[in-house]
Amino acid sequence: MAADISVAARRWPHRLNDLIHTISDRLVRPETQHTAHDLLGGLLAPLARKNCWTLAKHAGHPNPHHFQHLLSRARINEVGLVEDLRTYARTHPGEQDAVLILDETGDLKKGTETVGVQRQYTGTAGRIENAQVAVYLAYATPAGHALVDHRLYLPRSWTNDPQRLQTAGVPEHVAFATKPALAEQMITAALAAHTPTAWVAADEVYGRNPHLRRTLEEHRLGYVMAVARTERLMLPCGPATVGELAVLAPGTAWQRLSARPGAKGQRFYDWALIDAEPAPSGCRWALIRRHRTTGELAFYRCYAPEMVPLKRLVAVAGRRWRVEESFQQGKGLAGLDEHQVRTWCSWHRWSLFAMLAYAFLAAMAAIEARQSPSMAELIALTCNEIAHLLNALFATDPDIEHVLGWSLFRRSHQANARQCHYRRQAFQEL
């Protein structure tokens, strides 16, 4: 078993070179390609902090100038690079049962000069803080998930200040856009690139926006998007909020289904599906989720171009949490939030390379899951485990047996814990 992992791990650096080769046409010059390779390697390294200085030191550069040039002035086809990212991210996890997921995340900042920063709400802190917020698009299948596009949110305090925009290098054509409008841009670009998907999932910020919902329906994309309990629907009997519908739903309307498997067992909730406003082409519903023990409710607007069962809508709703995992792993493993750049161009390029680094880990996890037989005594290789092995096995003079032994122990321990949680849950269901 350890030998199999060692053989697999030794292929990963070659596959990172393959990724660089894939995007080489977008990087124009050979020296830019070499710097990008060093940047991706540094983003995947277990550094306490990841910025141009620490990455340059890790790569053996005498100073951070090469990385700073790459992020701010080097000739790069960024539009093409995003296209390559989308293609790469869906190649290895596959195209079956794909869902596009919209969400935003914030990076806390101390100053006022970093592009897009102001005091605003961010889920990262759970409150209003001085932060920079961006909207991301994730691509998820049962085999894996990755971030495939991004848009920086510029508040009106920025778009109404031309001098501030110019100082930060914001292009002249960029104007104020709401988060749902930024999400619509990414969905449109993904569809133009023939990204294979039939569903979109999103949280309340996007679910309550009628223009975004209408755009998805025009593209005949199904969606399951969260809304507030005060969301009003026009029913045949008159207007009603989804909160009122939850109270009026009879006991027979609720079905117990799992949103998705988790580390501690299947995530079972009670679900109710209610026919909502008629759609010009397709079906609309209100979906209500009830926690089995606390009774806490969550609400969704749903659409599909044709009739689908409740189980399908529940599966899409459960897939939305993959974007949270992508944020957590993208930040923790690839430095998505650790940039120390202030301008528009540098922010976009840093985020793009961080997404590429994370997509590489997601691709390796999907490849190893497909090539290695499933075993109850070990969990599959995760992005975290692959990042750990990638750095441990290729450090100077690694103790390979020690590294692989600890990897097998961690995976065995986690598999045992998962089995115990699943048995406990099955016992409680009796």
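Our subject is the structure listed above.
Rules and cut-offs
Residues numbered from 1 in each chain as written. Predicted model: local features only at pLDDT ≥ 70, side-chain atom pairs only at ≥ 80, totals over all residues. Heavy atoms only, no water. Salt bridge = Lys/Arg side-chain N within 4 Å of Asp/Glu carboxyl O. Helix = DSSP H or I, 4+ residues; strand = E, 2+ residues; numbered from the N terminus. Buried < 20%, exposed > 50% of the residue type's maximum accessible area, 1.4 Å probe, protein only. Axes fitted to C-alpha atoms, helices over the stretch in contact; angles between N-to-C directions. Parallel < 35°, antiparallel > 145°, perpendicular 65-115°, else oblique. Contact = heavy atoms within 4.5 Å. Nonpolar A, V, L, I, M, F, W, Y, C, P; charged D, E, K, R; others polar. 1 Å grid on protein atoms, 1.4 Å probe; cavity = no way out; pocket = protein on both sides within 12 Å on 5 of 7 lines; lining within 4 Å. Points joined across faces, edges and corners; volume = space filled by probe spheres on them.

As a further point, take the pattern of salt bridges. Tallied over the entire structure, the rule returns 23 salt bridges. In this structure, the salt-bridge partner of Glu368 is Arg15, at a minimum N-O distance of 3.6 Å. Separated by 353 residues along the polypeptide, Glu368 in helix α15 (residues 344–371) and Arg15 in helix α2 (residues 12–27) bring together distant segments of the chain. Judged on exposure class, the residue Glu368 and its partner Arg15 are both buried.

As a further point, take the packing of α15 against helix α16 (residues 383–393). For the pair α15 and α16, the least separation of the axes is 9 Å and the interaxial angle reads 105°. Relative to α16, the element α15 is oriented roughly perpendicular. On α16, the residues touching Tyr358, Phe360, Leu361, Ala362, Met364 and Ala365 of α15 are Cys383, Ile386, Ala387 and Leu390. A class-by-class count of the residues in the contact of α15 with α16 yields ten nonpolar, no polar and no charged.

Let's shift gears to empty space enclosed by the protein. This model, assessed by the stated rule, comprises one cavity of 30 Å³ or more. As a volume, the largest cavity reaches approximately 30 Å³. The wall of the largest cavity is formed by Tyr223, Ala276, Glu277, Arg284, Trp285, Arg301 and Cys302. Within the residue set of the lining of the largest cavity, elements represented by two or more residues are β11 (283–290) and β12 (297–304). Broken down by class, the residue content of the lining of the largest cavity amounts to four nonpolar, no polar and three charged.

When you line up the elements, Arg164 lands in helix α8 (residues 162–167). The contacts of Arg164, once residues within four sequence positions are left out, are Thr112, Val117, Ser157 and Trp158.

For the rest of this paragraph, the subject is helix α11 (residues 210–218). Buried residues of α11: Leu212, Arg213, Thr215, Leu216 and Glu217, and no others. Arg220, located one to two residues past α11, shows a positive phi value of around 55°.

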